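Read off the chains here:
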Amino acid sequence: MYQNSIQLMQSMREAGIDYRSDTPLDDENLIDTIRVGWAGANLPATVILFRVNDRGAHLEVEDLGHVAPGLRSQALELVNTLNGSYRWITFVVEEDGRITCSSDVFMVPEVAGLFGIAAMGRMFDTLDEVYPRLLCALA
């Protein structure tokens, strides 16, 4: 497991943030995966996946919902608008109709907790803010 992951989990533990690691401590794979869930005022229970390596983390939400039949064009326009307004998070309408989002953050072990938790907070806050707008395109 990468030092970035170890430091991020330690900082989450110290901050009282519940997480789950899909990667054992003694694993030497190319990417570690850490999961954190949260529900907001507008956002239903959602999990952010941290895909961590020695240079940083890719944060992603694999499924914010599915585009309703006949609303793909409207969903694409909305996602384009969101991508223009929220530069730190990228929204995508996938081929199968799922709406996903992702963000990347540079990390080194000395600041992995600070940067990782800040990126996670920014993503959850943004999702909580935009989710009511997404609802108009979801099934």
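Figured I'd write up the structure that's included with this text. Throughout this description, residue numbers start from 1 for each chain and increase along the sequence as written. A pLDDT threshold of at least 70 governs which residues receive local features in this predicted model, and a stricter bar of 80 or more applies before side-chain atom pairs are shown or counted, although totals over entire chains, interfaces and linings include all residues. Side-chain descriptors were evaluated using all non-hydrogen atoms of the structure, hydrogens and water having been removed beforehand.

Here an angle of 0 to 180 degrees is reported between the N-to-C directions of two axes, which are lines fitted to C-alpha atoms, with helices fitted over the stretch in contact. Where helices and strands are cited, they refer to DSSP runs of H or I of at least four residues and of E of at least two residues respectively, numbered from the N terminus. Orientation of helix α1 (residues 3-15) relative to helix α3 (residues 112-135), taken along the N-to-C sense of each, is 70 degrees, at an axis distance of 8 Å. One finds that α1 runs roughly perpendicular with respect to α3. For the pair α1 and α3, the sense of crossing is right-handed. Across the interface between the two elements, N4, Q7, L8, S11 and M12 from α1 touch A112, G113, G116, I117 and M120 from α3. Polar here means any residue other than Ala, Val, Leu, Ile, Met, Phe, Trp, Tyr, Cys and Pro, which are nonpolar, and Asp, Glu, Lys and Arg, which are charged; Gly is therefore polar. Of the residues belonging to the contact of α1 with α3, the class tally is five nonpolar, five polar and no charged. With respect to orientation, any angle under 35 degrees is reported as roughly parallel, any angle over 145 as roughly antiparallel, any angle of 65 to 115 as roughly perpendicular, and every other angle as oblique. The handedness criterion is simple: a crossing whose near helix is rotated anticlockwise from the far helix by less than a right angle is left-handed, and one whose near helix is rotated clockwise is right-handed. The contact definition used throughout considers only heavy atoms, calling two residues in contact when any of these lie within 4.5 Å.

Here we come to the nonpolar core. The nonpolar core is taken to be a set of buried Ala, Val, Leu, Ile, Met, Phe, Trp, Tyr and Cys residues, with the residues joined through side-chain atoms within 4.5 Å. For the exposure calls, accessible area comes from a 1.4 Å probe over protein chains only, and a residue counts as buried if that area is under 20% of its type's maximum, exposed if over 50%, partly exposed in between. Formed by 38 residues in total, the largest nonpolar core has its most connected members in F50, L59, L64, F91 and L134. Put simply, the parts of the chain that give this core at least two residues each are α1, β2 (32-38), β3 (46-52), β4 (56-61), α2 (72-85), β5 (90-93), β6 (99-106) and α3. Setting aside chain neighbours within four positions, we find L134 in contact with L64, L78, L82 and I99.

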